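Summary of structural features
Take a look at the letters that make up each chain.
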Amino acid sequence: MNHSVQLKSAIPPELVEEFLKRLPYISESMLEYDLNTDSRDQVRFALRTGGDDLASIVSSRIVETADKLLKTRRAPSVKVLASHLKRNPSFDADPHPILESIDELHRYGAGRYGFGPRLVQLISLFDREVCAIAEKYSAPVHQFPTLIGADLLDRARYLRSFPSSLTMVSHLREDMGAIQDFARIAGWDGERLIYNPDNLHSIQCLLSPSVCFHYYSWLKDRAIDSVRITAVGKCFRYESRNMDGLERLWDFTMREIIFVGASQFVLDHRDRMIDETVALLDRWELSFEIRSASDPFFIDDYASMAAFQLAFDLKFEILAPLPYKRKDLAIGSFNYHQDFFGRSFNITGPNSAPVHTGCTAFGLERVALAFLAQHGVDSSKWPAAIRDQIN
Amino acid sequence: MTPEIEDRVRKTILRTFNLPAEDGMTDLRMGGLPGWDSLGHMRLVVELEEEFGVAFPAYLLPELVDMERIVREIDGLQSGQ
């Protein structure tokens, strides 16, 4: 059955996407939803058969979600650091079906994809070129686990800030009875794994949502001057129904260049990374902009945190247009965390004050998608800087 | 500094972060008080706006990091500068 709920005020146009991204988490019973695109103050939704008793709860949660998003909201003051947008793209088809048809892309499930040799080659090439920037700045290569301790994410305040995107990891209890019981009933029922939750161990680890947290933990309780490193890693962010092709993966690859030191050291390096990135994306002949942004905090004080990030210039994103969707995709970011991680992990500088940290991050699959969406999948039409390096 | 504004700003900071009055004598600045972190900063901004009936434009938020600057900006907003 269809239902409708009136919001207390209209969702501002710049927050519509963020609002819609939060609705899948309202209730498992909600099948469909949409925001009235004209007034932006009314949400229509449908519930699963038998779930209509929940209509009032779902309605109040939708209103609550809108209220939290708008609480203490300020008029956005978006800064554009670079605008290298190209008009009239030469390619505007969706690369996903083309890649699938030539066996370069295989979908395993929502947010989970496999890549064929050409796509792997392309992603590796992008990664190598970012690595060359890291090398230029003497940032040595590190490697971190895909698993991340819950203790570490708790220290980084990630568990409370982004709970909806967490991916927990468990294993069976070291108990012969539990193991035998699991083996006896385990199986796929067509929708989910059948098992008895009592047989699982408590959660110690999660799949890492980011690369740089591991490095801040590495430096825990140390006094340092300044340091820069690079690392690539698999990252995991569950995004419910928002997961959509290579645009929004549950399991993706992130290359980061990380800076730790005094505030000016970190900010100077972030500026240099922005300049280097602009030159790199120009070589790849990508259409893009670099703009101030905020993280999708899933907390009551979302609006406050977003306003803080924007006001203090803590985050800038590289936005690349996807011609086939007529929308932009964030393919990378430049982040300044102030002394948050220095305090959280007790990392101090020469003056005993907490160090500042920052990172430059590239979502490699998204970089590849933006490139293919703008240039097409036919490598003979790619910019020479890329074409010449692909066999 | 304007003494009356300064006194009200001090009281607003102490109230926002649930600090005892004696803490008002110390150096009141972001990062120097328990709770005055990123989230705390925005809570303080809202409290100051309610206390003084002003609205800080977004570009001013990074400036409001200590007593002296908060008082100066409020003074400026109230006098229409």
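The preceding data block contains the structure.
Nothing here was measured: the structure is a model prediction, and the numbers come from that model.

Parameters at a glance
Residues numbered from 1 in each chain as written. Chains lettered and ligands numbered in written order. Predicted model: local features only at pLDDT ≥ 70, side-chain atom pairs only at ≥ 80, totals over all residues. Helix = DSSP H or I, 4+ residues; strand = E, 2+ residues; numbered from the N terminus. Rg over C-alpha atoms; globule rule 2.2 N^0.38 Å. Buried ≥ 20, exposed ≤ 12 C-beta atoms within 10 Å, placed from the backbone. Contact = placed C-beta atoms within 7 Å. Axes fitted to C-alpha atoms, helices over the stretch in contact; angles between N-to-C directions. Parallel < 35°, antiparallel > 145°, perpendicular 65-115°, else oblique. Nonpolar A, V, L, I, M, F, W, Y, C, P; charged D, E, K, R; others polar.

In this section: the overall build of chain A. Tallying secondary structure elements over chain A gives 13 helices and 18 strands in all. Here chain A has a C-alpha radius of gyration of 22 Å; the compact-globule value for 391 residues is 21 Å, and the two agree. Taken along the three principal axes of its C-alpha coordinates, chain A extends 60 × 55 × 45 Å. Relative to its 391 residues, chain A shows a buried fraction of 33%. Summarising the internal contacts of chain A: among those between residues at least 6 apart in sequence, 71% fall at separations of at least 24.

What follows covers the packing of helix α10 (residues 302-311) of chain A against helix α2 (residues 38-52) of chain B. Contact geometry of α10 of chain A with α2 of chain B gives a least axis separation of 9 Å together with a crossing angle of 100 degrees. The pairing of α10 of chain A with α2 of chain B is recorded here as roughly perpendicular in orientation. Contacts between α10 of chain A and α2 of chain B pair Ser-304, Met-305, Ala-307 and Phe-308 of chain A from the former with Ser-38, Leu-39, His-41 and Met-42 of chain B from the latter.

This paragraph deals with the interface of chain A and chain B. The interface is formed by 13 residues belonging to chain A together with ten residues belonging to chain B. Taken together, the residues of the side of chain A that touches chain B sort by class into seven nonpolar, three polar and three charged.

Moving on: the environment of Ser-60 of chain A. In this structure, Ser-60 of chain A sits in helix α2 (residues 55-70). C-alpha of Ser-60 of chain A to C-alpha of Gln-6 of chain A: the two residues are 54 residues apart in sequence and 9.8 Å apart in space.

The next point concerns unusual backbone geometry. Residues and elements named next belong to chain A. Positioned with a positive phi, Asn-88 is a non-glycine residue whose angle comes to about 50 degrees. Within the secondary structure layout, Asn-88 lies in the loop between β4 (80-84) and α3 (95-101). Looking at Asn-88, the number of C-beta atoms within 10 Å reads 6, which means it is exposed. Even without a glycine there, the phi angle at Arg-157 is positive, about 60 degrees. We classify Arg-157 as partly exposed; it has 15 C-beta atoms within 10 Å.

Read these as layout, nothing more, since geometry by itself doesn't imply function.
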